[in-house]
Amino acid sequence: MCRVIAGLGKLHLGYHGNWWATTSHLARASRKSYNQRRKSNPNTLVDKTSMSHNGRLRTHQDSPHSDLFCMVASFILIPGRTSRQGCGINEGKFNETYQQETHLLQVAPSDMEQLGLTAGDTVRLTSDFGQAEVPVIAAKRDELPAGLLFIAYGDISSRLMGGDTHGSGMPTSKGLDVELEIL
Amino acid sequence: MAVSPPLDAKQLDNQVEHKVVQDATCTFCGCVCDDIDLHVEGDKIVDAKRACVLGSSWFLNHEIEHRPSCHIDGNPAEVAQGVERAAQILAQSKYPLIYGLSDTTSESQRVAVSIADWIDGTVDTTTSVCHGPSGMAFQGVGEVTCSLGEVRNRADMVMFWGSNPAESHPRHFTKYSLMPKGMFVPNGRKDRTAVIVDVRKTKSAKAADIFVQIKPRSDFEGLWTLRALAQDIELDADQVLADTGYPLDKWQDLMDRMKRARFGVIFFGMGLTMTRGKHANSEALLALTRDMNRHTRFVCKPNRGHGNVTGADNVVAWRTGYPFGVNMSRGYPRFNPGEYTASDVLARGEADAAMIIASDPMGNFSQPAREHLKSIPYIAFDPKETPTTRHSAVAFTVATYGINVPGTVYRMDDVPIPLRPAFESPHPSDLELLTNIEKRVRELKKQQSAVKKHRPSLRPA
């Protein structure tokens with residue numbers, strides 16, 4: 001279930017600048033407002049804000065509350081290798097190291113702040129092909145630019161991949177378009 | 001034939017033997033470092049000198065697995081029963097798939113390809129979901145390349161594109177590419193320029209002199225920008241920035257440095273092959289490398305992941321003429337990525353049986369492929385328990401190559417390297433099992449042929 005807040009109403013945000021540009025000033029203002037209200041009353045369940053990371057707004061037409069929006073942001077997911085994941089494979093895939101490393105989503109610190117996320121919060125990632133729920137952690141310093149997410153290869157990244165390989169034998173496994181929903 | 005090992009740990013403890021295995025070979029990643037000194041106590045490696053974090057983890061975590069060598073439908077069984085069941089599954093299948101092979105010896109890979117031939121099956125390796133697109137690009141463009149030894153001794157311009165060796169190949173920098181003092185780079189790192197091209201500032205980027213941060217999914221555009229600059233073609237700065245996320249003047253500076261280099265090398269990773277563009281990205285990089293040879297000596301090399309994935313390419317190529325994704329159903333090999341590659345064969349629901357050797361598609365394939373694999377009978381070989389072994393009809397716990405089993409593996413630069421095992425395992429090797437399965441499959445196929453010959457023909461005489 002989405003954590004939702006009151007009163008953002010209808011926002012119309014345009015696409016602003018580069019792919020990694022953070023959300024527009026309108027979006028920032030809205031996010032700030034969202035964060036403040038979330039802190040003051042996290043259980044308020046009134047509206048659903050739909051704000052893609054590049055500034056696009058998405059309403060949920062099937063929502064029982066037509067004027068409400070859900071907190072969904074668009075990102076590009078880069079699954080990849082980590083040395084900890086590699087060590088985890090050696091220890092055993094059912095052991096703690098591998099399971100922890102492949103079930104942890106890295107988010108850019110600026111995105112964490114804008115989305116009001118703290119380490120350990122759970123989000124739902126949805127691609128065209130699947131869905132997965134995963135806890136988040138802030139990426140180290142400047143390792144990850146805003147707008148990108150990183151996760152170690154594993155079950156979660158596989159769930160978000162499609163089966164089509166476009167005649168190459170290789171499913172598109174990096175640079176996946178995903179929507180992030182705060183749970 | 002080996003049977004399920006005894007599980008008496010006390011007996012094993014009493015027979016502790018201390019020894020040092022010099023110049024052992026690490027088979028975790030494609031670097032295949034063969035200078036590791038292993039300190040062995042009985043059936044446990046207690047120290048791995050010179051190994052990196054991944055190598056240490058590889059050696060120190062591969063003790064003998066105290067579980068049966070064979071499971072059939074999740075229940076412990078004798079190895080002979082497992083071999084018989086495996087052979088029956090493969091011989092009766094109409095569209096069998098043999099997949100994996102990147103973490104086993106080339107001797108085993110050779111037998112696995114033979115089995116695929118006997119059963120008119122499809123054989124594919126983890127290359128298809130690794131550098132398979134590069135394999136396609138090699139056929140289109142060719143590969144200007146060299147050995148890692150040449151890189152170590154000559155390269156003064158070292159580039160990494162979509163590759164993060166600090167995490168995936170931790171000794172790459174120190175043993176081959178950046179740090180070593182070589183014949184023509186006597187000052188080591190000081191004589192080399194390091195460039196990282198990536199969408200995120202990875203740990204490897206911190207070791208670079210130049211970090212080129214491009215837009216996600218713009219590798220193709222970045223590579224063609226460099227190709228244009230290599231030929232002094234004028235480009236629109238705004239368009240380059242919009243397409244690649246990196247300014248033209250910096251691309252130009254990079255190209256100038258590349259032209260000035262005496263010996264340049266580009267290592268490329270799955271940042272190219274797994275993202276949009278795939279083989280077109282690899283083709284662009286191979287073509288750029290070829291173009292650069294008009295100005296100076298330039299080579300490229302894919303940074304291969306698994307210990308013997310390069311061996312799999314080599315063995316499948318010299319057995320069938322193609323490196324991966326090969327179908328034998330017509331009695332001769334056919335190659336077509338997208339049609340005969342494992343991910344596709346499974347995601348489309350075509351294979352009706354499979355044999356998975358030393359890989360874990362249930363852990364890393366797409367969801368449709370995993371769901372189909374789960375629905376068909378398959379045989380799995382792995383030293384450890386994985387999601388793939390858990391769902392298999394027949395699961396073999398095998399001895400670990402390089403630790404328990406001798407043989408040959410190929411380093412990422414196609415150099416074959418022998419393995420020096422540390423201690424014996426009570427579990428059978430991949431080679432032993434595959435040899436027995438092949439033998440039994442041939443018997444079954446012979447019987448099937450005999451039955452077909454005696455079947456009355458419905459065709460008019």
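Thresholds applied
- Residues numbered from 1 in each chain as written.
- Chains lettered and ligands numbered in written order.
- Predicted model: local features only at pLDDT ≥ 70, side-chain atom pairs only at ≥ 80, totals over all residues.
- Heavy atoms only, no water.
- Helix = DSSP H or I, 4+ residues; strand = E, 2+ residues; numbered from the N terminus.
- Expected span 1.5 Å × (residues − 1).
- Contact = heavy atoms within 4.5 Å.
- Buried area = accessible area lost by both parts, 1.4 Å probe.
- Salt bridge = Lys/Arg side-chain N within 4 Å of Asp/Glu carboxyl O.
- Polar contact = N/O pair within 3.5 Å; in protein donor to acceptor, adjacent residues only side chain to side chain.
- Nonpolar A, V, L, I, M, F, W, Y, C, P; charged D, E, K, R; others polar.
- Phe/Tyr/Trp six-rings, centres within 6.5 Å; stacked < 30°, edge-to-face > 60°.
- Buried < 20%, exposed > 50% of the residue type's maximum accessible area, 1.4 Å probe, protein only.
- Lys NZ or Arg CZ within 6 Å of the ring centre and 35° of its normal.

Trainee: So what's going on with helix H14 (residues 309-320) of chain B? Residues and values would help.
Mentor: Residue and element names in this part refer to chain B. Here H14 spans 16 Å end to end across twelve residues, near enough to the 16 Å set by a 1.5 Å rise per residue. Among the structural elements, helix H4 (106-118), strand S7 (122-125), strand S13 (326-327) and strand S18 (408-410) are those in contact with the buried residues of H14. Downstream of H14 by a residue or two, Gly321 has a phi angle that is positive, lying close to 95°.

Trainee: Help me get a handle on the interface of chain B and chain A, residues and values and all.
Mentor: Contact residues are listed per partner, giving 53 residues for chain B and 43 residues for chain A. Summing the contributions of chain B and of chain A, the shared interface buries around 4,000 Å²; its carbon and sulfur component is 56%. Our count for the contact surface shared by chain B and chain A stands at five salt bridges. The salt bridge partner of Arg217 of chain B is Asp177 of chain A, with a shortest N-O separation of 3.1 Å. Our count for the contact surface shared by chain B and chain A stands at 20 residue pairs in polar contact (both at pLDDT 80 or more). Listing elements by their share of the side of chain B that touches chain A, those giving two or more residues are helix H2 (53-60), helix H5 (132-141), helix H7 (165-168), helix H12 (270-273), helix H15 (342-347), helix H16 (361-364), helix H17 (367-375) and helix H18 (387-390) of chain B. By residue number, the principal contributor to the side of chain B that touches chain A is H2 of chain B, which donates four residues. Grouping the amino acids of the side of chain B that touches chain A by side-chain chemistry returns 18 nonpolar, 21 polar and 14 charged.

Trainee: So what's going on with the packing of aromatic side chains? Which residues, and what values?
Mentor: Per the stated rule, a full pass over the model turns up eleven aromatic pairs over all chains. A ring pair is formed by Phe160 of chain B and Phe173 of chain B, whose centres lie 5.3 Å apart and whose planes are at 70°; its orientation type is edge-to-face. With Phe160 of chain B in strand S8 (residues 157-161) and Phe173 of chain B in helix H8 (residues 172-177), the pair connects residues that are 13 residues apart, well separated along the chain. You can call Phe160 of chain B buried: its relative accessible area is 1%. A ring pair is formed by Phe324 of chain B and Phe335 of chain B, whose centres lie 5.4 Å apart and whose planes are at 90°; its orientation type is edge-to-face. Taken together, the residues Phe324 of chain B in the loop between H14 and S13 and Phe335 of chain B in strand S14 (residues 334-335) connect sequence positions eleven residues apart. Residue class for Phe324 of chain B comes out buried when judged on its relative accessible area of 1%. You can call Phe335 of chain B buried: its relative accessible area is 19%. In this arrangement the basic side chain of Arg200 of chain B is found over the ring face of Phe150 of chain A, its NZ or CZ atom lying 3.8 Å from the centre. In this arrangement the basic side chain of Arg390 of chain B is found over the ring face of Phe94 of chain A, its NZ or CZ atom lying 3.5 Å from the centre.

Trainee: Give me the environment of Glu78 of chain B: which residues, what numbers.
Mentor: By secondary structure assignment, the location of Glu78 of chain B is in the loop between strand S5 (75-76) and helix H3 (79-92). In this structure the C-alpha to C-alpha distance between Glu78 of chain B and Pro68 of chain B, which are ten residues apart in sequence, comes to 8.3 Å.

Keep in mind these numbers describe shape, not what the thing actually does.
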